[in-house]
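One-letter residues, chain by chain:
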Amino acid sequence: CLTIEAPPSRYTTDPKAGNPEVVNAISLSQTQEGFLQIVQKSLDRMGVLSVLSREAKDASTERSRYTSEFTQLQNFISDVGTKQFNGVALFSEQPLAVQLENGGPTVPLNAINFNAASADGGLANAYDLRSTELLSDSSAAAALANIRKATENLAEMQAKVGANLKRLTLSGEQVSVLNENLSAANSSIQDIDQVRSLTQFARFKMLGQSGGAMMAQANAFPQTALKLLD
């Protein structure tokens, strides 16, 4: 779970400062998006190789060449499934959640289970060497079917990543608006505190001046009485 700590004081909130956890989560989702686009190109090429293998006239030579490239693409896709971002797995069956503030609500992110073995979920069947080969007509046909299903699964993953990015962007904007309003409220509180301090200062000053005048008048009365007696 990605967490965000709340500001320690009402006077330290900076509305222009980006929420670090939301920014990190957006960067993670953008990285996922970039890798999935590359995987899409790899699957497209693997599909082409499957078709070429089925149509190969010289099976022993051409299929061997197609299989070599196909296997390299499988290894590449398999490696993508192990990538990490800032110590967090890019693709995991465990969903992540971004906490907007300490003790506050969290933004759940769709899990991108890249390595799922299920044909209806992940891409494992596309890069599993045991289930996808191009050495015969039947294996090339099976590989093509797996590639097509993997392409459908990939499109669903891309949709989930897009939804994550949209949700994170809106949440970040919401936090920004909240921080701006909080900063404005804090500024008003500071202005009120300052006016209160100035008012108290003026009051004490007036009381001091009034007390001085009263003392002067009190001292003048005995002197006046003495003059009358004289």
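This report concerns the structure included in the present document.

Rules behind the numbers
Residues numbered from 1 in each chain as written. Predicted model: local features only at pLDDT ≥ 70, side-chain atom pairs only at ≥ 80, totals over all residues. Heavy atoms only, no water. Helix = DSSP H or I, 4+ residues; strand = E, 2+ residues; numbered from the N terminus. Contact = heavy atoms within 4.5 Å. Core = buried A, V, L, I, M, F, W, Y, C linked by side-chain atoms within 4.5 Å. Buried < 20%, exposed > 50% of the residue type's maximum accessible area, 1.4 Å probe, protein only.

## Concerning the side chain of Ser 50
Now for step 1: Residue placement: Ser 50 occurs in helix H1 (residues 20–54).
Now for step 2: Those residues in contact with Ser 50 that sit more than four places away from it in its chain are Phe 70, Leu 134, Ala 140, Ala 143 and Leu 144.

## What to know about the nonpolar core
Now for step 1: Judged by nonpolar contacts, the single largest core of 36 residues is most densely connected at Val 39, Leu 43, Phe 114 and Leu 123.
Now for step 2: Counting residues per element, the ones that place at least two in this core are H1, helix H2 (59–80), helix H3 (124–127) and helix H4 (137–229).
Now for step 3: Ignoring anything within four residues of it in the chain, the contact list for Leu 123 reads Val 39, Phe 114, Ala 116, Ala 150, Asn 153, Leu 154 and Met 157.

## Remarks on the side chain of Thr 67
Now for step 1: Examined against the element boundaries, Thr 67 turns out to sit in helix H2.
Now for step 2: Given a relative accessible area of 16%, Thr 67 falls into the buried group.
Now for step 3: Look past the residues within four positions of Thr 67 in its chain and what remains in contact with it is Leu 134 and Leu 135.

Nothing here speaks to function; it is all geometry.
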